[in-house]
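Residue-level structural notes
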Amino acid sequence: MFRMRVVVLGNTVLEMVTAFEKVSGKKIPLVMAARRPGDAETVYAANEKAERELKWKAKYGIDEMCRDQKWREHLSLNKE
């Protein structure tokens, strides 16, 4: 029998947008709309499950991850 484990790690879309805005210094245009058919009403995540079952723990928070991504993007766009 095939068994699958799902471990949800993450942030809300709004948290990601806010973090990228902070890092980039630019406002990201948003359109707030109702949920689409099939969208989950509520989703919860527990990082403790990843620590326990995957023996994995995030080193960085959302701000550090977005800052790192922005820096990598800057470097790739400014190659000579």
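Below is a summary of the structure that appears in this document. Throughout this description, residue numbers start from 1 for each chain and increase along the sequence as written. In keeping with the model being predicted, local features are shown solely for residues with a pLDDT of at least 70 and side-chain atom pairs are shown and tallied solely at 80 or more, while totals for entire chains, interfaces and linings include all residues. Only hydrogens and water are set aside; all other atoms, that is, all heavy atoms of the structure, feed into the side-chain values.

A short note on the overall build of the chain
Helix and strand labels come from DSSP, where a helix needs a run of H or I of at least four residues and a strand needs a run of E of at least two; each type is numbered from the N terminus. Assigned secondary structure in the chain consists of three helices and zero strands. Along the chain, helices (α) and strands (β) appear in the sequence α-α-α when read from the amino end. Burial classes follow relative accessibility: with a 1.4 Å probe on protein chains only, a residue under 20% of its type's maximum area counts as buried, one over 50% as exposed, and anything between as partly exposed. A total of 80 residues make up the chain; the buried ones form 8% of that total. Note on definitions: a residue-residue contact is assigned when non-hydrogen atoms from the two residues lie within 4.5 Å. Within the chain, contacts between residues separated by at least 24 positions form 72% of all contacts whose residues are at least 6 apart in sequence. Computed with the Shrake-Rupley method and a 1.4 Å probe, the accessible areas treat only the protein chains shown as cover for residues. Total accessible area computed for the chain in this model is approximately 7,800 Å², and 56% of it derives from carbon and sulfur atoms.

A closer look at unusual backbone geometry
Although it is not a glycine, Lys55 sits at a positive phi angle of roughly 55 degrees. Looking at the element boundaries, Lys55 is found in the loop between α2 (47-54) and α3 (62-77).

What to know about helix α1 (residues 13-24)
Given the number of residues in a helix, its expected span is that number minus one, multiplied by 1.5 Å. If you check α1, its first and last C-alpha atoms are 16 Å apart, about what twelve residues at 1.5 Å a residue would give, namely 16 Å. For α1, the full list of buried residues reads Val17, Ala19 and Glu21. The positive-phi residue at the C-terminal boundary of α1 is Gly25, with phi of around 75 degrees.

Digging into a nonpolar patch on the surface
For patch building, the residue pool is restricted to those with more than 30% relative accessible area and no salt bridge; the joining distance is 9 Å between like charges and 5 Å between nonpolar side chains (Val, Leu, Ile, Met, Phe, Trp, Tyr). The working definition used for a salt bridge is a side-chain nitrogen of Lys or Arg within 4 Å of a carboxyl oxygen of Asp or Glu. Residues Leu14, Leu30 and Met32 make up a contiguous nonpolar surface patch of roughly 330 Å² in combined accessible area. Mapping Met32 onto the fold places it in the loop between α1 and α2. Judged by its relative accessible area of 67%, Met32 is exposed.

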